[in-house]
Every structure is written in C-alpha cells, then in structure tokens.
Amino acid sequence: MKTRKLGSEGFDVSEVALGCWQLGADWGTSIKKEAGLAILEAAANNGITFFDTADVYGNGRSETLIGEFLNNTDKKIQIATKFGRAGDAYPDKYSKDVLRKSVEGSLKRLDVDAIDLLQLHCVPESLLLEGYIFDWLRDLKQEGLIKNFGASVETVEQGLMCLKQEEILSLQVIYNVFRQKLTKELLPQAEKKGVGIIVRLPLASGLLTGKFNKNTTFPENDHRNYNRNGDAFNVGETFAGLPFDKGLEFVDTISNTILPQGVSMVELALRWILDHQAVSCIIPGASSTKQVLSNVDVSNLQPLSIETHTSLSKLYSEDIHQCIRGVY
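Below or above, wherever it landed, is the structure these notes cover. (Residues numbered from 1 in each chain as written. Predicted model: local features only at pLDDT ≥ 70, side-chain atom pairs only at ≥ 80, totals over all residues. Heavy atoms only, no water.)

Moving on, we come to helix 5 (residues 132-143). When the terminal C-alpha atoms of helix 5 are compared, their 17 Å separation across 12 residues agrees well with the 16 Å that a helix rising 1.5 Å per residue should span. Three or more residues of helix 5 are buried, namely I133, F134, W136, L137, R138 and L140. Residues of helix 5 that are buried sit in contact with strand 5 (78-83), helix 3 (96-110), strand 6 (117-121), helix 4 (125-130), strand 7 (149-152) and helix 6 (156-163). In the segment just after helix 5, G144 is the residue with positive phi, at about 90°. (Helix = DSSP H or I, 4+ residues; strand = E, 2+ residues; numbered from the N terminus. Expected span 1.5 Å × (residues − 1). Buried < 20%, exposed > 50% of the residue type's maximum accessible area, 1.4 Å probe, protein only. Contact = heavy atoms within 4.5 Å.)

Okay, here's the thing in structure tokens:
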C-alpha cells in the first residue's frame, strides 16, 4: 500500500482508506458487529491506515465499533470523524457548546484522547461564509481535543470558501468519473494551499462497480432506494446525482468503449481518482473483507493511460455533466 501526506502539513495516510458509513448499520443490509470488526481488521492488516466515520453513522455505532477495534490492535490507525448533521445541531442549532459535546461524545465512543481529524459534516453554507465555526474548531485544537480539522462539502463553491480558512487541513469531496467538475478549479487550489483532498463516493454508491443492472433493487431503508431523487438529503450523495438508469447507460459506455483490457470497472474508477496528484486518499466503503482486499489492490496498479483519461474526460464533458442533479 502506498501512502500520501494529507495536506502539506498533515500526517501520512494510505492511498486507499476505509469509509465506515456502512458500519453504522442504519441503512441497507445491516452489518453485524463481528463482520464489522473483521472488515476493520482486514483493512488494517492490508495497509489501510486511515478510517473515516461520523458521529451520526448509526447514531454512534460506527465510532463505537472502531473504538473497540482500536483497543484490540497494535496497528497505528488515524481516525477522522465528523460533526454537524446530528439533530442537536442541524440545521440551525449550531453553537460552540454543541460542537464540544459532540466531540466529547466521539472521543468517548472512539476511546481516544484526541481526534486526529474532525471534519464539518456538510454544514449549511451560511456557516462556512460566516466563518465563526472555524474559530470554534481552532479553540478545540488549541485545547487538545482535536489534532486537526477539515470540512466535508457538497460543492466547489463551498470548498473554495473553506480554503480561505487558516489551519484547515483537508476537504472531503464527492469526486469520481461521473463528477469531474472539481478537476479544473478546486483540486488545483487545494493543492496550491497545501490542503489535502479526501474523496468519498469514489464508486458512485456502487454504480461504478459495474455490478448493477436495470433489475437491481435495494432495501427500503437503503439510501440508494429512498434518496434516488434527493428526498432525504443531497441527491449527489446517491449515485453521484445521476438518475439510476442513466448511470447504468454510462457504465455500459465505459465498459464497452473505454475500459482497458485486463482492468475491472472498480479498478478503473478508483485508479482514475488516484491518478490526480492533488488527491490524498479515497475512502471507499466495504461490506465484506473481500471488498477490502479488492480496494487495496488499486494502490499498486499502474496509472491509467493518457488516452483513457482523455476518453473519460470527453464522456463527462459531452454527456455525463448535463445529467448530474443537485448542488455541485
């Protein structure tokens, strides 16, 4: 597993990290505790050194599971968690006290003395504009409750707002073959300022695995069912904002006309992101140890050819971009 630095002043992270939303077991097919611990162990044993979670994933279940794992491993794992989407804060009850209580809760569940990276969790844009929430983060950093802070954002504009803040270590963004808008402005600006880029939804909620078809169904409590049109939260968090059927069409196009021989759709999708030097790491989720092993292998693949990158860029600009829904 290769590593990269998270921002110019940050810590080293594995190129392929682990997204832990699914460990909260509050959407889709529930992952039992034993299976969740096995996923974390497989990740750590195969070079993953960075786990990304949030206080709201399973109402703390994901953090609690990670905390239990950390207490039973000698592996050095950096933990990123988030604040801002729980009901005591979202959408309009943010305060320094609420932030502090959230952090204290995360510290207890993770059973650590300080959080390696605390990220704002897609908070309202007005808070990013006003900026005082970053002062609260600086205070908590000064107090030693958090070691670093960053922000998970929904749009290029929000990312650029955050880049104006001193001491911000990272941005977490939706970035994949289907959502390439960030390539031209946000990524270069982040790299210039030394801010790391953490990429969520690298496989577009599984669309870019190539395993779905028009007959694929999802459980009632799976966001790929109930949030297809953004009924619960930003539609971009589900299938990258593409209508499901349209996404399937683009996957077929990539598979039939662009996918290099000997490369799987998952490998193409993950390697495409890692080929951008501004990216610090990707955080694909995994619902099994098998998926963990498949994901980590991408770190050692050769970069995609210039021709493949050019073809994917052309497909995005000419066909995909116009089909993306939601703020971007």
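Residues of strand 7 alternate between two faces, with F149 and A151 on one and G150 and S152 on the opposite face, all of them buried. For strand 6 and strand 7, the ladder comprises four bridges, and the chain directions are parallel. Residue pairing across strands places L120 opposite A151, the latter belonging to strand 7. Both strand 7 and strand 8 (residues 170-174) contribute to a ladder of three bridges, which runs parallel. Each bridged residue has a counterpart across the sheet, and for A151 the counterpart in strand 8 is L171. The β-α-β motif built from strand 7, the intervening helix 6 and the parallel element strand 8 has right-handed crossover chirality. (Pairing = 2+ DSSP bridges. Right-handed = clockwise from strand over helix to strand, strands pointing away.)

Attention shifts here to the sheet that holds strand 5. Each strand in a sheet pairs with its neighbour through backbone hydrogen bonds, running either in the same direction (parallel) or in the opposite one (antiparallel). The eight strands are arranged 3-4-5-6-7-8-9-10 in an open sheet whose pairing can be described as parallel. Edge positions in the sheet fall to strand 3 (18-19) and strand 10 (279-282), since each of these pairs with one other strand and no more. Relative to strand 10, strand 9 (residues 196-200) runs parallel, the two sharing three bridges. What sits directly across from I198, in strand 10, is C281.

Bringing the environment of T209 into the picture now. Counting through the fold element by element, T209 comes out in the loop between strand 9 and helix 8 (223-226). Each C-alpha atom, one on T209 and one on A80, is 25 Å from the other, the two residues being 129 residues apart in sequence. If we skip the residues at most four places from it in the chain, T209 touches L203, M265 and V266. Of the polar contacts made by the side chain of T209, one reaches the backbone nitrogen of K211; its length is 3.2 Å. (Polar contact = N/O pair within 3.5 Å; in protein donor to acceptor, adjacent residues only side chain to side chain.)

Moving on, we come to unusual backbone geometry. Of note, the amide linkage connecting Y90 to P91 takes the cis form, showing an omega dihedral of 5°. Checked against the element boundaries, P91 lands in the loop between strand 5 and helix 3. Look at A204: it is not a glycine, yet its phi comes out positive at around 50°. Turning to its location among the elements, A204 is positioned in the loop between strand 9 and helix 8. Here A204 falls in the buried class, since its relative accessible area comes to 0%.

A separate point is the pairing of strand 9. Regular strands place their side chains on alternate faces of the sheet. Among the five residues in strand 9, five count as buried, and that is most of the element. Where burial is concerned, the two faces of strand 9 agree: the one with G196, I198 and R200 and the one with I197 and V199 are both buried. Running through helix 7 (residues 186-193), the crossover from strand 8 to the neighbouring parallel element strand 9 is right-handed.

So, about the state of the cysteines. As enumerated under the stated definition, the model contains zero disulfides in all. Unpaired in terms of disulfides, C20 finds its nearest cysteine sulfur in C281, a separation of 12 Å. This cysteine, C162, is not joined by any disulfide, and C122 carries the nearest cysteine sulfur, 10 Å off. (Disulfide = S-S within 2.5 Å.)

For the rest of this paragraph, the subject is the side chain of N148. Looking at the secondary structure, you find N148 in the loop between helix 5 and strand 7. Only 3.0 Å separates the side chain of N148 from the backbone oxygen of D116, close enough to count as a polar contact. In this structure N148 touches F11, I115, D116, L117, L118 and L169, once residues within four positions along its chain are discounted.

Turning next to helix 6. Within helix 6, six of the eight residues are buried, which leaves it mostly tucked inside the rest of the structure. Among all positions in helix 6, only V156, Q158, G159, M161, C162 and L163 are buried. Taken together, the buried residues of helix 6 touch helix 4, helix 5, strand 7, strand 8 and helix 7.

Quick look at the environment of T49 now. Note that T49 resides in the loop between helix 1 (33-45) and strand 4 (50-52). Taking relative accessible area as the criterion, T49 reaches 22% and is therefore assigned partly exposed. Linking T49 and L259, residues 210 residues apart in sequence, is a C-alpha distance of 30 Å. Leave out the neighbours within four places in its chain, and T49 touches D12, V13, S14, K76, I77 and Q78.

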